Amino acid sequence: MQHNEATRALFITGLRNAHAMENQALSVIDAQLGRLESYPEMIAMLQQHRRETEGQIARLDQIFLGLGESASTLKDTVLSAMGSMQAMGHALAGDEILKNHMADYMFEHFEIAAYTSLITMAQAMGHTSALPLLQQNLDEEQRFQQMLIESLPRVTEQFLSRIASGQKADV
């Protein structure tokens, strides 16, 4: 497929959206880590994925550099604020840990779709230098998504056990 300025602009917009999406993810992770107390498995998973997310942002910045472009500060700021608000909304729930877990799982699907689309665009446009960077981001999102679904039964059981024993269970 031949690309022109319109397809290049679409690719850049997609990269900017992904960059903002990862900043949103950092805001959500930071808010969750700031509240989590009783679920060490989730704390460890979120800490690991936070480090991965920082790496994903760095790889997106590397792609921007190679294209002579930059991320959108406005998109980064707006989506970061939205992530903080999302996490605050769940803080009001008695089952915050479960709501956060399910929301994180859903968000991973969105990120996986975004990177799949960006990889397809990069392939179609011949941006081969972006491919391994985008693929690494996709691989990390897929791994975290799998970790989330595999841990959900354990987290749910811990939540139920804490409720049954009268312990604080929400976070």
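A few points on the structure. As the structure is a computational prediction, the values presented were derived from the model and not from experiment.

### Quick notes on helix H2 (residues 40-67)
Piece 1. The end-to-end C-alpha distance of H2 is 41 Å, a good match for the 40 Å that 28 residues give at a rise of 1.5 Å each.
Piece 2. Following H2 by one or two positions, Gly 68 adopts a phi angle in the positive range, close to 70°.

### Concerning the packing of helix H4 (residues 96-125) against helix H5 (residues 131-164)
Piece 1. The interhelical angle for the contact between H4 and H5, taken along N-to-C directions, is 160°, at an axis separation of 9 Å. By the criterion of interaxial angle, the relationship of H4 to H5 is roughly antiparallel. As for the relative orientation of H4 and H5, their crossing is left-handed in sense.
Piece 2. Split by residue class, the contact of H4 with H5 holds 17 nonpolar, 10 polar and 4 charged.

### Concerning helix H1 (residues 5-35)
Helical geometry: 3.6 residues make up each α-helical turn, so side chains three or four residues apart lie on a common side.
Piece 1. Over its 31 residues, H1 extends 45 Å from the first C-alpha to the last, a length consistent with the 45 Å expected when each residue adds 1.5 Å.
Piece 2. In this structure Asn 4 caps H1, since a side-chain oxygen of it lies 2.9 Å from the backbone nitrogen of Ala 6.

### Regarding the pattern of salt bridges
Piece 1. All chains considered together, the criterion is met by 9 salt bridges.
Piece 2. The shortest N-O distance in the salt bridge between Arg 8 and Glu 69 comes to 2.9 Å. Of this pair, Arg 8 sits in helix H1 while Glu 69 sits in the loop between H2 and helix H3 (73-91), and the two are 61 residues apart along the sequence.
Piece 3. For Arg 8, a relative accessible area of 19% translates into the label buried.
Piece 4. Between Arg 50 and Asp 30 there is a salt bridge, with the nearest N and O atoms lying 2.5 Å from each other. Within this pair, whereas Arg 50 is found in helix H2, its partner Asp 30 is found in helix H1, the two being separated by 20 residues in sequence.
Piece 5. For Asp 30, a relative accessible area of 37% translates into the label partly exposed.
Piece 6. When salt bridges that share partners are traced, they join Arg 8, Arg 16 and Glu 69 into one network.

### Looking at the environment of Gln 48
Piece 1. Inspection of the secondary structure assignment puts Gln 48 in helix H2.
Piece 2. Measuring from C-alpha to C-alpha, the distance between Gln 48 and Phe 144 comes to 9.2 Å, with 96 residues separating the pair along the chain.

### Observations regarding the nonpolar core
Piece 1. Membership of the largest hydrophobic core comes to 22 residues, with the highest contact counts inside it found for Phe 11, Leu 15, Leu 60, Ile 63, Tyr 115, Leu 118 and Leu 134.
Piece 2. Here this core gets 8 residues from one element, more than from any other, and that element is H4.
Piece 3. Judged by nonpolar contacts, the second largest core, of 13 residues, contains Ile 29, Leu 36, Leu 98 and Phe 144.

### What about the side chain of Ser 151?
Piece 1. With respect to the secondary-structure elements, Ser 151 resides in helix H5.
Piece 2. Within the structure, the side chain of Ser 151 is placed 2.9 Å from the backbone oxygen of Met 147, a separation counted as a polar contact.
Piece 3. Setting aside anything within four residues of it in sequence, one finds Ser 151 in contact with Glu 41, Met 42, Met 45 and His 101.

Criteria and thresholds
- Residues numbered from 1 in each chain as written.
- Predicted model: local features only at pLDDT ≥ 70, side-chain atom pairs only at ≥ 80, totals over all residues.
- Heavy atoms only, no water.
- Helix = DSSP H or I, 4+ residues; strand = E, 2+ residues; numbered from the N terminus.
- Expected span 1.5 Å × (residues − 1).
- Axes fitted to C-alpha atoms, helices over the stretch in contact; angles between N-to-C directions.
- Parallel < 35°, antiparallel > 145°, perpendicular 65-115°, else oblique.
- Left-handed = near helix turned anticlockwise from the far one by under 90°.
- Nonpolar A, V, L, I, M, F, W, Y, C, P; charged D, E, K, R; others polar.
- Polar contact = N/O pair within 3.5 Å; in protein donor to acceptor, adjacent residues only side chain to side chain.
- Salt bridge = Lys/Arg side-chain N within 4 Å of Asp/Glu carboxyl O.
- Buried < 20%, exposed > 50% of the residue type's maximum accessible area, 1.4 Å probe, protein only.
- Core = buried A, V, L, I, M, F, W, Y, C linked by side-chain atoms within 4.5 Å.
- Contact = heavy atoms within 4.5 Å.

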